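Residues per chain, in single letters:
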Number of protein chains: 2
Amino acid sequence: MLTKKPVHEFVEEVASALPAPGGGSVSALVGALGAALASMVCRLTIGKKKYLDVQHDMEVTLARAEELRLRLTDLVEKDTTAFQAVMNAFTLPKETEEQKHLRSVAIQEATKGAAIVPLEVMSHCEQAIGLVHTVADKGNVNSITDAGVAALMINAACVGAALNVRINLGTLQDHHFVQTTQERIEVILKSVQGTATAILQTVEQKLS
Amino acid sequence: MLTKKPVHEFVEEVASALPAPGGGSVSALVGALGAALASMVCRLTIGKKKYLDVQHDMEVTLARAEELRLRLTDLVEKDTTAFQAVMNAFTLPKETEEQKHLRSVAIQEATKGAAIVPLEVMSHCEQAIGLVHTVADKGNVNSITDAGVAALMINAACVGAALNVRINLGTLQDHHFVQTTQERIEVILKSVQGTATAILQTVEQKLS
């Protein structure tokens, strides 16, 4: 399992000639790192006298950030598995008409699966960036750069995941799925990028 | 050593109540992941008939990307060590005037060290984004989203590292160092963000 490997080995495996883990798994991992930073800022705020009035907010935010961290970490593996399923479908026999048909159906099915995983990454990033907004506004000001890095990472993960959804949509014949997914991508990207920009403005104010 | 830990454990440690590893180490790791994706695209291009004319470019780019990947991976640990050195300096005794003076000198020294590590991350990101530009322009078009994710990650890593340089500059008394570093940050950020934007335009063109 990819996330059980040592960090340096995982990075090395990304660099290898195998096409997966690639940009999809990296986006999921970077989203998980962003959620992890949000959790850290919550934990560095909870219990501090100066922040007693936001204690409840931070506890709720921490529970949600931890859930997203775990889900995004799981998606690192899932993205690579979904990519391999597409590759496997391409290796199916294509001698007879029936084989050609079955192969085509299998490729379509696997490609849809490979689009859904980064779409899930995007959806989790949308939730995670809202949590980072809370920690940047109300969390321990000593950790303000960590909130900033969290926003940067979650935004990059979301835009990266969007590229991975789109490349898979390109070959899908289910036009309803393609259209609704494209619309969903646009909505999430706008929301995440807008929130990330607002967070970075807060970070700038608190940093100077 | 941080990068010898399993990926899921590293992410968990970022999320923990310990302030390090935090945004600095995360920025270094995300930079390393960006460099790794550049290496992967090179490897998926080298040896392919269709890309014989860029073979030499890809080999040179791969060698440089691999060096940056390793250096950025090393900086994950170094950022946490540099942060801990600042924390340790703060625990020095401050009873006598001499102790106060020594403590103050130690804090300044350690804080400068903690600024230099993310500055190195930025400098490596500046080099890495140039390599990503090459792979996005000339590399295997099937890996174009990986080049896009590489650009997103290296840009986020660089901006994240800049926040970590700046928070340390805030408490430094060496005004010459502060000023030259601030100027260096601005130059790198402008360069990296400009190149990342150009790469993402290339990705859009090739994706549609």
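Preceding this section is the structure that the text describes.
Let me begin by describing the structure that accompanies this report. Model, not experiment: these values are computed from the prediction. (Residues numbered from 1 in each chain as written. Chains lettered and ligands numbered in written order. Predicted model: local features only at pLDDT ≥ 70, side-chain atom pairs only at ≥ 80, totals over all residues. Heavy atoms only, no water.)

**Let's talk about the packing of aromatic side chains**
- In the structure shown here, the tally under the stated rule is zero aromatic pairs over all chains.
- Lying over the aromatic face of Phe177 of chain A, Lys112 of chain A brings its terminal NZ or CZ to 5.1 Å of the ring centre. (Phe/Tyr/Trp six-rings, centres within 6.5 Å; stacked < 30°, edge-to-face > 60°. Lys NZ or Arg CZ within 6 Å of the ring centre and 35° of its normal.)

**Quick notes on the environment of Arg166 of chain B**
- As for its placement among the helices and strands, Arg166 of chain B is situated in helix α5 (residues 144-169).
- The exposure class assigned to Arg166 of chain B is partly exposed, which follows from its relative accessible area of 27%.
- Spatially, the C-alpha atom of Arg166 of chain B lies 8.9 Å from that of Thr181 of chain B, the residues being 15 residues apart in sequence.
- In contact with Arg166 of chain B, other than residues within four places in its own chain, are Glu204 and Leu207 of chain A together with Ile185 of chain B. (Helix = DSSP H or I, 4+ residues; strand = E, 2+ residues; numbered from the N terminus. Buried < 20%, exposed > 50% of the residue type's maximum accessible area, 1.4 Å probe, protein only. Contact = heavy atoms within 4.5 Å.)

**Overview of the interface of chain A and chain B**
- Tallying the contact residues gives 53 residues for chain A and 52 residues for chain B.
- Buried surface at the junction of chain A and chain B, both sides included, amounts to about 4100 Å², of which 76% is carbon and sulfur.
- When the buried surface of chain A facing chain B is broken down by residue, Val7, Leu33 and Leu163 of chain A rank first, second and third, together holding 14% of it.
- Between Glu204 of chain A and Arg166 of chain B there is a salt bridge, with its nearest N and O atoms 2.9 Å apart.
- The tally of links between chain A and chain B comes to 13 residue pairs in polar contact (both at pLDDT 80 or more).
- Broken down by secondary-structure element, the contributors of at least two residues to the side of chain A that touches chain B are α1 (7-15), α2 (23-43), α3 (55-90), α5 (144-169) and α6 (175-207) of chain A.
- Of the residues forming the side of chain A that touches chain B, the biggest block, 15 residues, is contributed by α5 of chain A.
- Looking at the side of chain A that touches chain B residue by residue, the class counts come to 31 nonpolar, 13 polar and nine charged. (Buried area = accessible area lost by both parts, 1.4 Å probe. Salt bridge = Lys/Arg side-chain N within 4 Å of Asp/Glu carboxyl O. Polar contact = N/O pair within 3.5 Å; in protein donor to acceptor, adjacent residues only side chain to side chain. Nonpolar A, V, L, I, M, F, W, Y, C, P; charged D, E, K, R; others polar.)

**Here we look at the packing of α1 of chain A against helix α3 (residues 55-90) of chain B**
- At their nearest, the axes of α1 of chain A and α3 of chain B sit 11 Å apart, and the two run at 160° to each other. When the interaxial angle is binned, α1 of chain A and α3 of chain B end up roughly antiparallel. With respect to the hand of their crossing, α1 of chain A and α3 of chain B are arranged in right-handed fashion. Along its contact with α1 of chain A, which presents His8, Val11, Glu12 and Ala15 of chain A, the element α3 of chain B presents Glu66, Arg69 and Thr73 of chain B.
- Along the lines of polarity and charge, the residues of the contact of α1 of chain A with α3 of chain B split into two nonpolar, two polar and three charged. (Axes fitted to C-alpha atoms, helices over the stretch in contact; angles between N-to-C directions. Parallel < 35°, antiparallel > 145°, perpendicular 65-115°, else oblique. Left-handed = near helix turned anticlockwise from the far one by under 90°.)

**Looking at α3 of chain B**
- Taking 1.5 Å of rise per residue, 36 residues should cover 52 Å, and α3 of chain B covers 53 Å from first to last C-alpha, within 8% of that figure.
- Val76 of chain B marks where α3 of chain B bends most, by close to 30°. (Expected span 1.5 Å × (residues − 1). Bend = angle between axes of the 7 residues up to and from the residue.)

**Considerations on the relation of the copies chain A and chain B**
- The operation relating chain A to chain B is a screw motion whose rotation component is 180°, with 0.0 Å of axial translation and a residual RMSD of 0.0 Å. Read as a symmetry element, the transformation amounts to a two-fold axis. The position closest to the rotation axis in chain A is occupied by the C-alpha of Pro6 of chain A, lying 2.0 Å away.
- By residue overlap, the copies meet face to face through one surface: 98% of the interface positions of chain A are interface positions in chain B. (Least-squares fit on C-alpha atoms with pLDDT ≥ 70 in both.)

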